[in-house]
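A structural walkthrough
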Amino acid sequence: MSLARLAALLADPTRAGFCTALLDGRAWTAGELARHAGVAPSTASEHLSRLIDGGLLAEERQGRHRYVRLAGPEVATLIEDLSSFTPPTGTPGGPPAGPPGGGSPAPRSLRESTRLSAEARARTCYDHLAGRLGVTVGDAVLARGLVTEEDGPALTARGRAWLTDLGAELPPRAGRAGARPVVRTCLDWTERRNHLGGAFGALLCRTALDRSWVERIGSGRALRVTPDGERALRELLGVELLPA
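Residues numbered from 1 in each chain as written. Predicted model: local features only at pLDDT ≥ 70, side-chain atom pairs only at ≥ 80, totals over all residues. Heavy atoms only, no water.

A look at the nonpolar core
If you look at the biggest cluster of nonpolar residues, it comprises 32 residues, and the most contacted ones within it are L163, F200 and L237. Listed by contribution, the elements that provide at least two residues to this core are helix 7 (131–143), helix 8 (157–166), helix 9 (198–210), strand 11 (223–225) and helix 10 (227–237). Take this core: its biggest share by element is six residues, from helix 9. Dropping the residues within four chain positions of it, L163 is found in contact with L155, A168, L170, F200 and L203. Grouped together as the second largest cluster of nonpolar side chains are 24 residues, L23, A34, A44 and L57 included. (Core = buried A, V, L, I, M, F, W, Y, C linked by side-chain atoms within 4.5 Å. Buried < 20%, exposed > 50% of the residue type's maximum accessible area, 1.4 Å probe, protein only. Helix = DSSP H or I, 4+ residues; strand = E, 2+ residues; numbered from the N terminus. Contact = heavy atoms within 4.5 Å.)

Printed below as a string of structure tokens:
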């Protein structure tokens, strides 16, 4: 796909909003995305078809239902990276109110402000941890020598041993030619600093969810760290989370 065509796909506020909503890593129905964006189902269907044809979304059908998700982690990385370039709004010099999807308007309600605040604290970026939690975990694994950035982000021997002790296993093909990198840095759009993606970042997020160290807040991307999660992060990585 040409750069111009890609830019045109994401230039529409509705299509951009669909992509940012799908950063939660789950499949949505066309109807759910239509309600999320406040557009008619026929309008949503037209936009989704363009995103699917452009390779940004993948489609699954189950009976009469049409589900869509981001086409893969590389698309999620693209969307999150573009989000980090969203100009700040509100107070001069202040942080952005949110990712693109028609700009970054200031919160229009208390509910939206609460959601954005929760996402800034902890959220999923497709399938890895983001927000202050993601950045804090990324800092901790670097400080403990589990990951190095000397010649590009990479998992160290200490990091692999740490995963073994944790009882977590990377996908067999991670890091091989044509496969997902083991570690990748991802610029966080709220913190403006890197959090960890790649197969390692996805494994940490999946482990945290499976072991109930974090739990989703409602149906969005925001996460809440549980008491068990606070203990695990403190014991495994020396992370002390600040109160919300």
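Some words on the sheet that holds strand 2 (residues 57–62)
Spatially, the three strands line up as an open sheet ordered 1-3-2, and their pairing is antiparallel. Each having just a single partner strand, strand 1 (28–29) and strand 2 make up the two edges of the open sheet. In this structure, strand 1 lies alongside strand 3 (residues 65–70), joined through two bridges in antiparallel fashion. What sits directly across from T29, in strand 3, is Y67. (Pairing = 2+ DSSP bridges.)

Examining the confidence of the model for the chain
Per-residue confidence for the chain gives a mean pLDDT of 85; residues scoring 70 or more make up 88%. The secondary-structure element of the chain with the lowest mean pLDDT is helix 6 (residues 110–121), recorded at 79, while helix 8 shows the highest, at 96. Within the model, the stretch residues 88–105 combines pLDDT values under 50 with 35 contacts to residues more than four positions away or in other chains. (pLDDT = per-residue confidence, 0-100.)

Side note on the packing of helix 8 against helix 9
How two helices pack is summed up by the angle between their axes together with the distance between the axes. Packing of helix 8 against helix 9 brings their axes to within 13 Å, and their N-to-C directions diverge by 25°. Of the possible angle classes, the one that applies to helix 8 and helix 9 is roughly parallel. For the element pair helix 8 and helix 9, the recorded crossing hand is left-handed. Across the interface between the two elements, W162, L163 and L166 from helix 8 touch F200, L203, L204 and T207 from helix 9. In the contact of helix 8 with helix 9, the residues fall into six nonpolar, one polar and no charged. (Axes fitted to C-alpha atoms, helices over the stretch in contact; angles between N-to-C directions. Parallel < 35°, antiparallel > 145°, perpendicular 65-115°, else oblique. Left-handed = near helix turned anticlockwise from the far one by under 90°. Nonpolar A, V, L, I, M, F, W, Y, C, P; charged D, E, K, R; others polar.)

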